[in-house]
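Structural characterization, general
Spelled out, the chains give:
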Amino acid sequence: GAVVSQHPSRVICKSGTSVKIECRSLDFQATTMFWYRQFPKQSLMLMATSNEGSKATYEQGVEKDKFLINHASLTLSTLTVTSAHPEDSSFYICSARDSVATEQYFGPGTRLTVL
Amino acid sequence: AQTVTQSQPEMSVQEAETVTLSCTYDTSESDYYLFWYKQPPSRQMILVIRQEAYKQQNATENRFSVNFQKAAKSFSLKISDSQLGDAAMYFCAYRIATNKLIFGTGTLLAVQP
């Protein structure tokens, strides 16, 4: 089956620093990638849709200048949390979809802790 | 607006028994997909089963089956012969035309030995 990886799996950073999370499709080309955020014991909330070679589409209430998304190639999308604060601590999950699949393939997630 | 509702925050089932998880959704679209995902403690999202709205036949995957009632906008998941490994958070999800997934709030399933 299709595999999506995320790196790092967990990261701890100081308040005010920026953190980059990578999402890679390992065995298929992902024309579209999605970034989700999940708080403890809660559901996944879509943050943004990333299309290769174009600007990401952010969901209402998501600060585009704080959560920078880049989808520069068909196998890689990155999420950069800029000037991270403790309230940004969460579990971030990416998913990827190729041009023919009817479902999304999820990465294993990244746990971000901002001190 | 599309919404997905899971009214059971927690469920429990005895090993080898059958359990049904409920899901309702709201949409004005006629063509869409519905999914059930499993999220074990590892947090990896695992696709359990998928249903295309235009198909009247309920989807089945081994011990997992759905009861899709399009008119009622209901999409329940039945797990037969429950196993300890089925213990997880289960999310119902609806996919809209733009390929975005909208998730329900989840049901935490415990399997008692």
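What this report covers is the structure whose coordinates are included nearby. The shown structure was predicted, so the numbers you read here are calculated from the model rather than taken from an experiment.

1. Some points on the packing of aromatic side chains
Residues and elements named next belong to chain B.
- Under the criterion given, the structure shown has 15 aromatic pairs over all chains.
- Here the aromatic rings of Tyr25 and Tyr32 are separated by 5.4 Å at their centres, their planes lie at 65 degrees, and the arrangement is edge-to-face.
- What makes Tyr25 buried here is its relative accessible area of 4%.
- A relative accessible area of 3% means that Tyr32 is categorised as buried.
- Their ring planes at 25 degrees and their centres at 6.1 Å tell us that Tyr25 and Tyr94 sit as a pair that is stacked. In this pair, Tyr25 sits in strand β4 (residues 24-26) while Tyr94 sits in strand β10 (residues 88-95), placing the two residues 69 residues apart along the sequence.
- Classification of Tyr94 by relative accessible area gives buried; the value is 1%.

2. Let's talk about the pairing of strand β5 (residues 33-39) of chain B
All names here are of chain B.
- The element β5 is largely enclosed, with a buried count of seven among its seven residues.
- Along β5, one buried face is formed by Tyr33, Phe35, Tyr37 and Gln39 and the opposite face, lined by Leu34, Trp36 and Lys38, is buried too.
- As defined by bridge partners, β5 adjoins strand β6 (residues 46-52) across six bridges and the pair is classed as antiparallel. Of the residues in β6, the one forming a bridge with Phe35 is Arg50.
- Joining the antiparallel neighbours β5 and β6 is a turn of six residues, in which Arg43 adopts a positive phi near 75 degrees.
- Where β5 meets β10, seven bridges bridge the pair, whose relative direction is antiparallel.

3. Focus on the nonpolar core
- Formed by 26 residues in total, the largest nonpolar core has its most connected members in Tyr25(B), Trp36(B), Phe75(B), Leu77(B) and Tyr90(B).
- When contributions to this core are tallied by element, the ones reaching two or more residues are β3 (19-21), β5, β6, β8 (64-69), β9 (74-79), β10 and β12 (107-112) of chain B.
- Take this core: its biggest share by element is four residues, from β10(B).
- Setting aside anything within four residues of it in sequence, one finds Tyr25(B) in contact with Thr3(B), Val4(B), Tyr32(B), Leu34(B), Phe68(B), Lys70(B), Lys73(B), Ser74(B), Phe75(B) and Tyr94(B).
- In terms of nonpolar packing, the next biggest core, distinct from the first, is built from 24 residues, Met33(A), Met47(A), Val81(A) and Ala84(A) among them.

4. Details of the interface of chain B and chain A
- Taken together, the 18 residues of chain B in the interface contact 20 residues of chain A.
- In this assembly, chain B packs against chain A so that about 1,600 Å² is buried in total across both faces, 50% of it on carbon and sulfur atoms.
- In this assembly, chain B and chain A are joined by one salt bridge.
- A salt bridge links Glu59(A) to Lys100(B); its shortest N-O distance comes to 3.1 Å.
- Scanning the region where chain B abuts chain A turns up six residue pairs in polar contact (both at pLDDT 80 or more).
- When residues of the side of chain B that touches chain A are traced back to their parent elements, those giving at least two are β5, β6, β10 and β11 (101-103) of chain B.
- By residue number, the principal contributor to the side of chain B that touches chain A is β5(B), which donates four residues.
- Partitioning the side of chain B that touches chain A into residue classes produces eight nonpolar, six polar and four charged.

Definitions and limits used
- Residues numbered from 1 in each chain as written.
- Chains lettered and ligands numbered in written order.
- Predicted model: local features only at pLDDT ≥ 70, side-chain atom pairs only at ≥ 80, totals over all residues.
- Heavy atoms only, no water.
- Phe/Tyr/Trp six-rings, centres within 6.5 Å; stacked < 30°, edge-to-face > 60°.
- Buried < 20%, exposed > 50% of the residue type's maximum accessible area, 1.4 Å probe, protein only.
- Helix = DSSP H or I, 4+ residues; strand = E, 2+ residues; numbered from the N terminus.
- Pairing = 2+ DSSP bridges.
- Core = buried A, V, L, I, M, F, W, Y, C linked by side-chain atoms within 4.5 Å.
- Contact = heavy atoms within 4.5 Å.
- Buried area = accessible area lost by both parts, 1.4 Å probe.
- Salt bridge = Lys/Arg side-chain N within 4 Å of Asp/Glu carboxyl O.
- Polar contact = N/O pair within 3.5 Å; in protein donor to acceptor, adjacent residues only side chain to side chain.
- Nonpolar A, V, L, I, M, F, W, Y, C, P; charged D, E, K, R; others polar.

Such coordinate-based values are descriptive only and should not be taken to indicate function.
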